[in-house]
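Close look at the chain arrangement
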Amino acid sequence: MSSTPDRSTAAAMEFIANTPHLIGELTVESLMSDYANHLCFSLAKDRFTATPHDKFYALALAVRDRLMERWIKTQQTHHQQHAKRIYYLSLEYLMGRALSNNIINLRCDELVRQAMQKLGINLDELLEIEVDAGLGNGGLGRLAACFVDSMATLELPAMGYGLRYDYGIFRQTIKNGYQFEEPDDWLRHGNPWEMARPEYAQKVQFGGRVEAVPVGDGTQFKWVGHEPVIGIPYDMPIVGFGCNTVNNLRLWSGKARLEFDFQDFDRGDYFGAVEAKNAAENITKVLYPNNNNYQGKELRFRQQYLFVSCSLQDIIRRYLVDNQDFNGFTDRVAIQLNDTHPALAIPELMRLLIDEHGVGWDQAWETTRGATGYTNHTLLPEALEQWPVRFFEKLLPRHLEILYEINRRFLRQVQTRYPLDDGRLQRMSLIEEAGPEGKSVRMAHLAIVGSKSVNGVAALHTRLLQTHLFRDFAELWPERFNNKTNGVTPRRWLLLCNPELSALISERIGDGWVKDLNQLRKLEPAIEDKKFRARFRQIKRDNKQRLAQVIQQNTGVVVSPDSLFDVQVKRLHEYKRQMLNVFHIIMRYQRLKQNPGLDLVPRTFIFGGKSAPGYFMAKLIIKLINSVADVVNSDESLQGKLKVVFVPNYRVSLAEKIMPAADLSEQISTAGMEASGTGNMKFALNGALTVGTLDGANIEIKEEVGDDNIFIFGHTAEQVETVRRDPGYRGRRYYEQDEAIRGMCDLLFRNFFNLEEPDVFEPIRQKVLDGPDPFLHLADLRMYAEAQDRADQLYRDPEAWTRSAILNVARIGKFSSDRTISEYNREIWGIKPIHIEVS
Ligand code: 62N
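To keep things clear, this report deals only with the structure shown in the data block.

Rules and cut-offs
Residues numbered from 1 in each chain as written. Predicted model: local features only at pLDDT ≥ 70, side-chain atom pairs only at ≥ 80, totals over all residues. Heavy atoms only, no water. Helix = DSSP H or I, 4+ residues; strand = E, 2+ residues; numbered from the N terminus. Rg over C-alpha atoms; globule rule 2.2 N^0.38 Å. Buried < 20%, exposed > 50% of the residue type's maximum accessible area, 1.4 Å probe, protein only. Contact = heavy atoms within 4.5 Å. Areas by Shrake-Rupley, 256 points an atom, 1.4 Å probe, with all protein chains shown as cover. Lys, Arg positive; Asp, Glu negative; His and termini not counted. Charge placed at Lys NZ, Arg CZ, Asp CG, Glu CD. Salt bridge = Lys/Arg side-chain N within 4 Å of Asp/Glu carboxyl O. Pairing = 2+ DSSP bridges. Expected span 1.5 Å × (residues − 1). Near = heavy atom within 4 Å. Polar contact = N/O pair within 3.5 Å; in protein donor to acceptor, adjacent residues only side chain to side chain. Axes fitted to C-alpha atoms, helices over the stretch in contact; angles between N-to-C directions. Phe/Tyr/Trp six-rings, centres within 6.5 Å; stacked < 30°, edge-to-face > 60°. Lys NZ or Arg CZ within 6 Å of the ring centre and 35° of its normal.

Description of the overall build of the chain
Looking only at helices and strands, one finds 34 helices and 25 strands in the chain. In terms of C-alpha radius of gyration, the chain reaches 28 Å, essentially the compact-globule figure of 28 Å for 839 residues. For the chain, the spread of C-alpha atoms along the principal axes amounts to about 90 × 75 × 55 Å. Here the chain holds 839 residues, and the buried ones make up 60% of them. Relative to all contacts within the chain whose residues are 6 or more apart in sequence, the contacts with residues 24 or more apart total 77%. Carbon and sulfur atoms make up 51% of the accessible area of the chain, which totals about 33,500 Å². Computed over 103 positive and 109 negative side-chain charges, the separation of the two mean positions in the chain equals 2 Å.

What to know about the environment of R796
Within the fold, R796 resides in the loop between α32 (777–795) and α33 (798–810). As for R796 and V274, which are separated by 522 residues in sequence, their C-alpha atoms are 67 Å apart. Residues within four places of R796 in sequence aside, it is in contact with D599, L600 and V601.

Overview of the pattern of salt bridges
Summed over the entire model, instances satisfying the criterion amount to 74 salt bridges. One salt bridge in this structure joins E507 and R535, with 2.9 Å as the shortest N-O distance. Taken as a pair, E507 in helix α21 (residues 499–509) and R535 in helix α22 (residues 530–555) lie far apart in primary sequence, 28 residues in all. Among the ionic pairs, D562 bridges to R541, the shortest N-O distance being 2.2 Å. In this pair, D562 is assigned in the loop between α22 and β20 (564–569) and R541 in helix α22, connecting sequence segments 21 residues apart. Looking at D562, the relative accessible area reads 54%, which means it is exposed. Exposure remark for R541: the relative accessible area of 28% places this residue in the partly exposed category. Taken together, the shared-partner salt bridges connect R197, D235, R250, D314, R317 and R318 into one network.

A short note on the pairing of strand β1 (residues 85–89)
Along β1, five of the five residues are buried, which leaves the element largely enclosed by surrounding structure. The two faces of β1 match: R85, Y87 and L89 on one face and I86 and Y88 on the other face are all buried. Relative to strand β13 (residues 333–338), β1 runs parallel, the two being bridged by five bridges. Among the inter-strand pairings, R85 is bridged to a residue of β13, identified as V333.

Things to note about helix α2 (residues 28–42)
For α2, which comprises 15 residues, the first-to-last C-alpha distance of 20 Å matches the rise-based estimate of 21 Å (1.5 Å per residue) to within 8%. Burial in α2 covers these residues: V28, S30, L31, M32, D34, Y35, H38 and L39. Close packing links the buried residues of α2 with α3 (52–80) and α5 (109–118). Remark: A44 follows α2 within two positions and exhibits a positive phi of approximately 55°.

Focus: the site of the ligand
Taken together, 22 residues are adjacent to the ligand, and L140, H377, N486, E674 and G677 come closest. Residue G139 places a main-chain N or O atom 3.4 Å away from an oxygen atom belonging to the ligand. Between N291 and the ligand, the recorded distance is 2.9 Å, taken from a side-chain N or O atom to an oxygen atom. Burial of the ligand by the protein chains amounts to 96% of its free accessible area of 570 Å².

Some details on the sheet that holds strand β16 (residues 431–435)
Spatially, three strands are ordered β15-β17-β16 in an open sheet, and the strand pairing comes out antiparallel. Here the strands that pair on one side only, and so sit at the sheet edges, are β15 (386–388) and β16. Across this sheet, the average inter-strand angle for adjacent strands is 35°, counted without regard to direction. Bridge count between β15 and strand β17 (residues 438–442): three bridges; the pairing is antiparallel.

Focus: the packing of aromatic side chains
Applying the stated rule across the entire model yields 24 aromatic pairs. Ring centres 6.2 Å apart and planes at 10° place the aromatic pair Y161 and W252 in the stacked group. Separated by 91 residues along the polypeptide, Y161 in strand β4 (residues 158–163) and W252 in strand β12 (residues 246–256) bring together distant segments of the chain. Across this residue pair, the class does not change: Y161 and W252 are buried. With a centroid separation of 5.6 Å and an interplanar angle of 40°, the aromatic rings of F410 and W477 are classed as tilted. Of the two residues, F410 is situated in helix α15 (residues 397–417) and W477 in the loop between α19 (471–476) and β19 (481–483); the sequence distance between them amounts to 67 residues. Grouping residues by exposure puts F410 and W477 together as buried. Ring pairs connect the aromatic residues Y294, F301, W387, F391 and F392, which therefore count as one cluster. A cation sits over an aromatic face here: R424 above Y418, 3.7 Å from the ring centre.

No statement about biological role is implied by the geometric values presented.
Take a look at the structure:
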């Protein structure tokens, strides 16, 4: 932002401010008028040519008009007040749709509904046209999206930085029970929410070499001979709920540098120029679809560096507008790393400070560490990033020097504290000497050493970080470690997705809960109100009815809203144990086959989730679910007591339909493996009960809702460790000891569900029965089936079930992302909220 105000712009702004009946007013008539204007003047459409998408776009632009003034005013105010800002660095933002959310957060839902009704437009159908912004894989990406919502709602000066992938998470289709992936060309029809800001483009360099240049009595290092790439920022507005704050989400898009092309072009290397251009523009082409699994791909390394370098240069540019030196940097800048994906920020900030701005090492280090916090999201060893040193040699030689210097100083510190402890030095080093790909950089160690704060995302997870994964570091720097239990935004995950329940709650306790979720506690007395319970039950039933339609449209399977909806939606992964769920379904199926008159609670088992395209086992589990579904759904003898569906292409907008319709939420990961989980929170907030292990945030949910209102089962994290350490442990033990488990395995592994493709599930049999299955499927199955029977028992008493469901809603307030963000701010960032006034 330029500091000398521009006269013509000021005059233009004053003109609109003083002229009545113009764009952006919050009335039904002005909304109708802006909608019509955009259809005609922004989209050039008339009654013969306007498509449903045009109508969506016109409304999006009309709503966008209503946040522009707040957006500008927010940025202006933050700038003028020299506010300290939080910069959230994340390679993923799983935003979903923006129109419905912006309408809700601007609190103009009634007006928009009326305006559309007067024009004869069905608003709900219009909202369905928007494609999800799927720039993330799962929980980590969705958490970033909830966090930016909370930061804006809490009026914090915040900026989310990310990448603008041309292709987000793939679209999943199912053919013959198997997953297929299709590209997600989400920008094909344009994006009404983004503003390109080429004036803030940043240049990033790859490759080349480092030259030492003597200057005075020292040496300056110059990084030369590199290939340049440009990052173009695209800004998206993040609207705070019920306040005037509109923050920025700034996403970088890779572009070739024009001068570079022309140089080669002049030399007659036309093809070389085009190749270089392609290489640059490939960097932000596609989101890597792996979840909790690291793959050392060079393109991903380039993505991370482009992201980090653009974001930091932008942060420094903004800082230097009103600062001459870096003494005040940590009073103006807090940086939070969403996992290690942006951990290159540490050597990059060091490089920028030292090489580009002439800061000395010690001050640069203090500044870098003082500004940075690191959030860990996983304990799984296969998810920990370790970039080969040869990538640094090839692409970031200067950063490698800086890393080695950071490591040298760090290891000297360790050595002083623990003399002669070589094992510890090796364990803690930033460099792994003997990896499969030679030397590599341990990004988590780098993030810990280079941050002032390290946090886990649920109490158990943080404890396990301190005692296991990062034990040496927690011993050296205990004060650096802290917990920030995850949360979800109550705006999208209740107010928006479940309007009927929201209205019932607000009628009872007022609408303060939307910004202060602990107020849901005021619902507790309502559990004794028979009429309230009946209405609560009716709302759930209506939501189930709507989901049943969605299921029929997407899978062709007819399910009954009178059955218990038992839902497991999340990425496919062995540790999340969708297989455990399937095993239980087969046990139920067998019980019904053996005793057709058996009075079991009718259940519909609903699955959804994507598998990483290269994860063989996860893909096989999708096939397993669909194979069991095919057999079960076509078995008339079950009299509707059992249905199984796999809903394709699970994504944010589908979650918004599923969460409000669930009775039972499956949170059944092997204890100690799910860092937190956040779906668990969304379900409970919408009145589902949880079947879960003592893992991640389930433990804290249990503490809040009470033991009687959750179905907990299975080995604890400690017991899991003990079982795994037993050299004689095999799944087969449980097969031999337990008749029901044996019957289930025999049915499954003798090809009952896959007559067409014999032995496709053989890899599952080997892992679960013969192998020392690290996920303890069979070891937990008996206890799981018993927990499911307890759920049945409660469901048979609708009043008791409803009491429990209401209690879940009333006691889930802790899991608002507003609480999480307040804790980050109080304990790590130290930022003052800034109230935005608009005329
Ligand atoms: C989730 F870099 N993590 C946790 F490519 N990761 O599993 C869940 F290797 O327990 C938490 O609740 C949630 O974070 C929020 O804290 C997660 O979603 C990824 O998506 C991911 C993506 C890429 C990688 C690794 C992990 C990669």
